[in-house]
Amino acid sequence: MKSTKSKKSSKNRTYHPRNELVDSLKVSDHPLYRTWSNMISRCTNPNDPNYENYGGRGIKVCERWFHFKNFREDMGLKPSTKHTLERRDNNKGYSPQNC
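All figures in this text were calculated on a predicted structure; none of them were measured in a lab. (Residues numbered from 1 in each chain as written. Predicted model: local features only at pLDDT ≥ 70, side-chain atom pairs only at ≥ 80, totals over all residues. Heavy atoms only, no water.)

Description of the nonpolar core
Thinking step 1. One finds Met39, Val61, Trp65, Phe68, Phe71 and Tyr94 to be the most contacted residues of the largest nonpolar core, which totals 16 residues.
Thinking step 2. In terms of residue count, helix H2 (residues 33-44) provides more of this core than any other element does, four residues in total.
Thinking step 3. Leave out the neighbours within four places in its chain, and Tyr94 touches Met39, Arg42, Cys43, Tyr54, Ile59, Lys60, Val61, Cys62, Trp65, Leu85, Arg87 and Cys99. (Core = buried A, V, L, I, M, F, W, Y, C linked by side-chain atoms within 4.5 Å. Buried < 20%, exposed > 50% of the residue type's maximum accessible area, 1.4 Å probe, protein only. Helix = DSSP H or I, 4+ residues; strand = E, 2+ residues; numbered from the N terminus. Contact = heavy atoms within 4.5 Å.)

Notes on H2
Thinking step 1. Across its twelve residues, H2 extends 16 Å between first and last C-alpha, which sits within 8% of the 16 Å expected from 1.5 Å per residue.
Thinking step 2. Those residues of H2 that sit buried are Thr35, Trp36, Met39, Ile40, Ser41, Arg42, Cys43 and Thr44. (Expected span 1.5 Å × (residues − 1).)

Some details on the packing of aromatic side chains
Thinking step 1. A complete count under the given rule lists six aromatic pairs for this structure.
Thinking step 2. Aromatic side chains Tyr54 and Tyr94 sit 6.4 Å apart centroid to centroid with 25° between the ring planes, which places their arrangement in the stacked category. Here the residue Tyr54 occupies a position in the loop between H2 and helix H3 (68-75), and Tyr94 occupies one in the segment after H3, the gap between them amounting to 40 residues.
Thinking step 3. Taking relative accessible area as the criterion, Tyr94 reaches 2% and is therefore assigned buried.
Thinking step 4. An aromatic cluster is present here, built from Tyr33, Trp36, Trp65, Phe68 and Phe71 joined pairwise through their rings.
Thinking step 5. Positioned over the ring face of Tyr94 is Arg87, at 4.9 Å from the centre of the ring. (Phe/Tyr/Trp six-rings, centres within 6.5 Å; stacked < 30°, edge-to-face > 60°. Lys NZ or Arg CZ within 6 Å of the ring centre and 35° of its normal.)

Let's talk about the environment of Leu85
Thinking step 1. Within the secondary structure, Leu85 is located in the segment after H3.
Thinking step 2. Exposure remark for Leu85: the relative accessible area of 14% places this residue in the buried category.
Thinking step 3. Taking C-alpha positions, Leu85 is 10.0 Å from Leu32, a pair spaced 53 residues apart along the chain.
Thinking step 4. Excluding residues that lie within four positions of it along the chain, Leu85 makes contacts with Thr35, Met39, Arg42, Phe71, Met75, Tyr94 and Cys99.

Overview of the state of the cysteines
Thinking step 1. As enumerated under the stated definition, the model contains zero disulfides in all.
Thinking step 2. Cys99 supplies the cysteine sulfur nearest to Cys62, a cysteine that is in no disulfide, at a spacing of 8.1 Å.
Thinking step 3. What makes Cys99 buried here is its relative accessible area of 16%. (Disulfide = S-S within 2.5 Å.)

Right under this line is the structure:
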């Protein structure tokens, strides 16, 4: 029997178990959630207004970071709300080695 899942949908998955807590907060309430969610969207969602400059250029998110908890463990908290997620080399994707 063939799978009905398309290749595209399998690439656009994110993972955080229902009711998972990170730093004692629900994932969607975590201060880094919007940063993480926007990163995933601009790299994987062709309907995202920023996709052309990220996913459309081949910028990818490392597999480990599709799980929010791993992203939080690797990046830590933002020093302030004025800080943003930056890549060292803008021609490479989002990963612990490049952010």
